[in-house]
Amino acid sequence: MTAPPGPALLAVDLGLRCGLARFGADGRLQWYRSQNFGTHARLKRAVPAVLQDVSPLAWLVLEGGGPIADVWEREALRRALPVLRVAAEDWRHRLLYAREQRSGSQAKDAADTLARRVIDWSHAPRPTSLRHDAAEAILLGLWGALEVGWLPQVPAEVRR
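The following refers to the structure shown.

Reading guide: rules and limits
- Residues numbered from 1 in each chain as written.
- Predicted model: local features only at pLDDT ≥ 70, side-chain atom pairs only at ≥ 80, totals over all residues.
- Heavy atoms only, no water.
- Helix = DSSP H or I, 4+ residues; strand = E, 2+ residues; numbered from the N terminus.
- Rg over C-alpha atoms; globule rule 2.2 N^0.38 Å.
- Contact = heavy atoms within 4.5 Å.
- Areas by Shrake-Rupley, 256 points an atom, 1.4 Å probe, with all protein chains shown as cover.
- Lys, Arg positive; Asp, Glu negative; His and termini not counted.
- Charge placed at Lys NZ, Arg CZ, Asp CG, Glu CD.
- Pairing = 2+ DSSP bridges.
- Axes fitted to C-alpha atoms, helices over the stretch in contact; angles between N-to-C directions.
- Buried < 20%, exposed > 50% of the residue type's maximum accessible area, 1.4 Å probe, protein only.
- Parallel < 35°, antiparallel > 145°, perpendicular 65-115°, else oblique.
- Nonpolar A, V, L, I, M, F, W, Y, C, P; charged D, E, K, R; others polar.
- Right-handed = clockwise from strand over helix to strand, strands pointing away.
- Core = buried A, V, L, I, M, F, W, Y, C linked by side-chain atoms within 4.5 Å.
- Phe/Tyr/Trp six-rings, centres within 6.5 Å; stacked < 30°, edge-to-face > 60°.

**Observations concerning the overall build of the protein chain**
- Across its full length, the protein chain carries 5 helices and 5 strands.
- Ordering the α and β elements of the protein chain from the N terminus gives β-β-β-α-β-α-β-α-α-α.
- What you see for the protein chain is a C-alpha radius of gyration of 14 Å, in line with the 15 Å of a compact globule of 160 residues.
- Principal-axis analysis of the C-alpha atoms gives the protein chain an extent of 40 × 35 × 30 Å.
- Within the protein chain, contacts between residues at least 6 apart in sequence are counted, and of these 60% link residues at least 24 apart.
- Total accessible area computed for the protein chain in this model is approximately 7700 Å², and 51% of it derives from carbon and sulfur atoms.
- Averaging the positions of the 22 positive and the 17 negative side-chain charges in the protein chain gives two centres separated by 3 Å.

As structure tokens, then:
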């Protein structure tokens, strides 16, 4: 996938099957997808190409930790790309109501609804189906755009 011009933020909901979402410096979602790397070895080989394909990047935002996060962070370091690493609870606290976070399945349902609002607000292509990892990457990217100052607040069209 060719990246639109201009610096961007890539949000990654980590896993061997991960969600990816690219946001422009205007804070709007440009594209999103779910990608299955299958194995740790394939992930390690693929990450440099993923980052190259979505360049130019100003930020990499990762949800989670462990060996998979380390692969992404090492490649970002090699490229002198700043990384924000966050736990799901932290970005959810900023974007979801407490009542929507009482269980993991409740949080995923709320994330799906909110991610669809971000898609509409950004005028990004609407999904036929939206995997939870892509939905969470979209919200992670929105959180990242707020954190780095690309958006002063959650857009009114996205708020509930």
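What follows picks up the thread again.
**Examining the sheet that holds strand β3 (residues 29-36)**
- If you walk across this open sheet you meet the 5 strands as β3-β2-β1-β4-β5, and the pairing is mixed. Looking at which strands have only one partner, the edges of the open sheet turn out to be β3 and β5 (83-86). In this sheet, adjacent strand axes meet at a mean angle of 15 degrees when their direction is disregarded.
- With 7 bridges connecting them, strand β2 (residues 17-24) and β3 associate as antiparallel partners. What sits directly across from arginine 17, in β3, is asparagine 36.
- In this fold helix α2 (residues 66-78) packs onto β1 (8-13), β2, β4 (57-63) and β5, with an angle of close to 165 degrees to the strand it touches most, β5.

**Digging into unusual backbone geometry**
- Here serine 55 and proline 56 are connected by a cis peptide whose omega angle stands at 5 degrees.
- With respect to the helices, strands and loops of the structure, proline 56 is situated in the loop between α1 (40-53) and β4.
- Here the phi dihedral of histidine 123 falls at roughly 60 degrees; this positive angle occurs in a residue that is not glycine.
- Taking the relative accessible area as the measure of exposure, histidine 123 reaches 71% and is therefore exposed.

**Description of the packing of helix α3 (residues 88-95) against helix α5 (residues 132-147)**
- For the pair α3 and α5, the least separation of the axes is 10 Å and the interaxial angle reads 75 degrees. Taken together, the axes of α3 and α5 are roughly perpendicular relative to one another. In contact with Asp90, Trp91, Arg92, Arg94 and Leu95 of α3, α5 contributes Glu136, Leu139, Leu140, Leu142, Trp143, Leu146 and Glu147.
- For the contact of α3 with α5, the per-class residue count stands at 7 nonpolar, no polar and 5 charged.

**Here we look at the pairing of β5**
- Of the two faces of β5, only one is covered, namely that formed by Leu84 and Val86; the face formed by Val83 and Arg85 stays uncovered.
- Strand direction decides the pairing type here: β4 and β5, joined by 4 bridges, are parallel. Paired with valine 61 across the strands is leucine 84, a residue of β5.
- With α2 bridging β4 and the parallel β5, this β-α-β connection has right-handed handedness.

**Some thoughts on the nonpolar core**
- Leu29, Tyr32, Leu95 and Ile138 are the most contacted members of the largest nonpolar core, which has 37 residues in total.
- Residue assignment for this core shows that the elements contributing at least two residues are β1, β2, β3, β5, α3, α4 (104-122) and α5.
- The biggest single contributor to this core is α5, with 10 residues.
- Excluding residues within four positions of it along the chain, tyrosine 32 makes contact with Leu20, Ala21, Ile119, Ala124, Pro125, Arg126, Pro127, Leu130, Ala134 and Ile138.

**What to know about the packing of aromatic side chains**
- According to the stated counting rule, one finds 1 aromatic pair in the structure shown.
- Aromatic side chains phenylalanine 37 and tryptophan 72 sit 6.5 Å apart centroid to centroid with 70 degrees between the ring planes, which places their arrangement in the edge-to-face category. Of the two residues, phenylalanine 37 sits in the loop between β3 and α1 while tryptophan 72 sits in helix α2, which places them 35 residues apart along the sequence.
- The buried category is assigned to tryptophan 72, whose relative accessible area is 0%.

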